[in-house]
Amino acid sequence: MPYVEVNGADIYYQAYGEDHVDRAPIVLIHGATNDGHNDWDTIAPDLAQRYRVFVPDCRGHGRSSNPGMSYSFRELADDVAAFVRAMGYERAHIIGHSNGGNVALVTLMEHPEIVQTCIPQAANAYVTRYLIEREPKVFDPERMERESPEWFHEVRRLHNEVHGNEYWRDLLWLTMKEIISEPNYAPFELACVEKPVLVVMGANDSVNAPDEHAQYIANNIPHAELWIPETTGHNVHLERREEWIAKVLDFLERRG
């Protein structure tokens, strides 16, 4: 199994496809409490028909270690930048979903030099009252075990083997704490972005749509493109898989 040491953590990753001298690779970043395989396994092979694709487990997720017992979007963005360099590339197309979308956005803002293009999906650029009120309830471990048994068993399955039986509780707490704290980018900061950006959000996304996070990001980043498919929830890449792949490949071909 391939691992690479990144900023003191052992990062597990999967690689798909072949290198292309005229194309930067794609890095796919998974969402909260997930891992790369679970989030992107049905997507990566299709993208790999045209691009080299890397799917890492973020530190503290799946098979990747978490030596500092930490979780922050900036730290994970630092890891993405270091991962791209460790794989031997100057830049990559950074695509992230949910909290991975936040990581993609923070990578764009803090490490633009390694970004070829950026696609943040179901991401937020600032913390709203809605998130502050919602997320502590969603990530409460007792509520999760009682009311969301499928999610409960999935989180334990993805993380227990490497991190121990009770780590899932720590991961929930660390994740929730970060979601209600970061990121916080003002319009004038987003206005400084010079990279091509495609912002994606489902019109019925119960997490991001109420506060129009995608519109906020796209409206403030110069020349950003926006895709909000109707009757679609949080997981656009899974709910509209073929359309998502076509949209992403078209964007990369036109602006990558």
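Preceding this section is the structure that the text describes.
Since the structure is predicted, the reported quantities are computational estimates derived from the model, not experimental observations. (Residues numbered from 1 in each chain as written. Predicted model: local features only at pLDDT ≥ 70, side-chain atom pairs only at ≥ 80, totals over all residues. Heavy atoms only, no water.)

Chemist: How do you make sense of the packing of helix H7 (residues 149–163) against helix H8 (residues 167–179) when you look at a structure like this?
Modeler: The relative placement of two packed helices comes down to the angle between their axes together with the axis-to-axis distance. One can describe the packing of H7 onto H8 by two numbers: an axis separation of 8 Å at closest approach and a directional angle of 110°. The angle between the axes of H7 and H8 places the two elements in the roughly perpendicular class. Helix-helix and strand crossings are classified by hand; for H7 and H8 the assignment is right-handed. Contacts between H7 and H8 pair Trp151, Phe152, Val155, Arg156, His159, Asn160 and His163 from the former with Tyr167, Trp168, Leu171 and Leu172 from the latter. Residues that form the contact of H7 with H8 fall into these classes: seven nonpolar, three polar and one charged. (Axes fitted to C-alpha atoms, helices over the stretch in contact; angles between N-to-C directions. Helix = DSSP H or I, 4+ residues; strand = E, 2+ residues; numbered from the N terminus. Parallel < 35°, antiparallel > 145°, perpendicular 65-115°, else oblique. Left-handed = near helix turned anticlockwise from the far one by under 90°. Contact = heavy atoms within 4.5 Å. Nonpolar A, V, L, I, M, F, W, Y, C, P; charged D, E, K, R; others polar.)

Chemist: Even after reading the chapter, I still don't get the pattern of salt bridges, so can you show me in this structure?
Modeler: One side chain can pair with another of opposite charge once the charged atoms of both are near each other. Tallied over the entire structure, the rule returns 16 salt bridges. As a salt-bridge pair, Glu110 and Arg74 come within 3.4 Å of each other at their nearest N and O atoms. Separated by 36 residues along the polypeptide, Glu110 in helix H4 (residues 99–110) and Arg74 in helix H3 (residues 73–86) bring together distant segments of the chain. Note on Glu110: relative accessible area 33%, which makes it partly exposed. A residue is classified by how much of its surface remains accessible, and Arg74, at 44% relative accessible area, is partly exposed. Its salt-bridge partner being Arg255, residue Glu225 comes within 3.3 Å of it at the nearest N-O pair. Separated by 30 residues along the polypeptide, Glu225 in strand S8 (residues 225–227) and Arg255 in helix H12 (residues 241–255) bring together distant segments of the chain. Through salt bridges with shared partners, one network takes in Glu225, Asp250, Arg254 and Arg255. (Salt bridge = Lys/Arg side-chain N within 4 Å of Asp/Glu carboxyl O. Buried < 20%, exposed > 50% of the residue type's maximum accessible area, 1.4 Å probe, protein only.)

Chemist: Please explain the packing of H3 against H4 as it appears in this structure.
Modeler: It is at 8 Å that the axes of H3 and H4 come closest, and there the two elements cross at 70°. It follows from the interaxial angle that H3 and H4 lie roughly perpendicular. Remark: the crossing between H3 and H4 carries right-handed chirality. Here Phe73, Arg74, Leu76, Ala77 and Val80 of H3 come into contact with H4, specifically with Asn99, Asn102, Val103, Val106, Thr107 and Glu110. Within the contact of H3 with H4, the residues separate by chemical class into six nonpolar, three polar and two charged.

Chemist: Is there a simple way to think about the environment of Asp211 in this case?
Modeler: Checked against the element boundaries, Asp211 lands in the loop between strand S7 (198–200) and helix H10 (213–220). In this structure Asp211 comes out as partly exposed when scored by relative accessible area, which is 24%. Linking Asp211 and Tyr130, residues 81 residues apart in sequence, is a C-alpha distance of 7.7 Å. Not counting residues within four places of it along the chain, the set of residues in contact with Asp211 comprises Tyr126, Thr128 and Tyr130. Side-chain polar atoms of Asp211 contact the side chain of Thr128, separated by 2.6 Å. (Polar contact = N/O pair within 3.5 Å; in protein donor to acceptor, adjacent residues only side chain to side chain.)

Chemist: Please clarify how the nonpolar core should be interpreted in this entry.
Modeler: Nonpolar side chains in soluble globular proteins generally cluster together in the buried interior. Membership of the largest hydrophobic core comes to 56 residues, with the highest contact counts inside it found for Ile94, Leu105 and Ile221. Considering each element in turn, this core owes the most residues, seven residues, to H3. What Leu105 contacts, discounting residues up to four positions off in sequence, is Cys118, Asn124, Ala125, Tyr185, Leu190, Ile217 and Ile221. Within the second largest apolar cluster, 23 residues are counted, among which are Tyr16, Val55, Val200 and Val236. (Core = buried A, V, L, I, M, F, W, Y, C linked by side-chain atoms within 4.5 Å.)

Chemist: I'm lost on H7 in this one. Help?
Modeler: Residue pairs spaced three or four apart in an α-helix point in one direction, given the helix's 3.6 residues per turn. For H7, spanning 15 residues, the distance from its first C-alpha to its last is 20 Å, which sits close to the expected 21 Å at 1.5 Å a residue. When the local axis directions of H7 are compared, the greatest deviation, roughly 30°, occurs at Arg157. Buried residues of H7: Phe152, Val155, Leu158, His159, Asn160 and His163, and no others. Buried residues belonging to H7 abut helix H1 (36–40), helix H6 (141–147) and H8. Phi turns positive, to about 100°, at Gly164, one or two residues after H7. (Expected span 1.5 Å × (residues − 1). Bend = angle between axes of the 7 residues up to and from the residue.)

Chemist: So what exactly am I meant to see when it comes to H12 here?
Modeler: The terminal C-alpha atoms of H12 lie 21 Å apart, and with 15 residues this matches the ideal 21 Å at 1.5 Å per residue to within 8%. For H12, the full list of buried residues reads Trp244, Ile245, Val248, Leu249, Phe251 and Leu252. Each buried residue of H12 sits inside an arc of 160° when the element is viewed along its axis, so together they form one side. (Arc of directions from axis to C-beta.)

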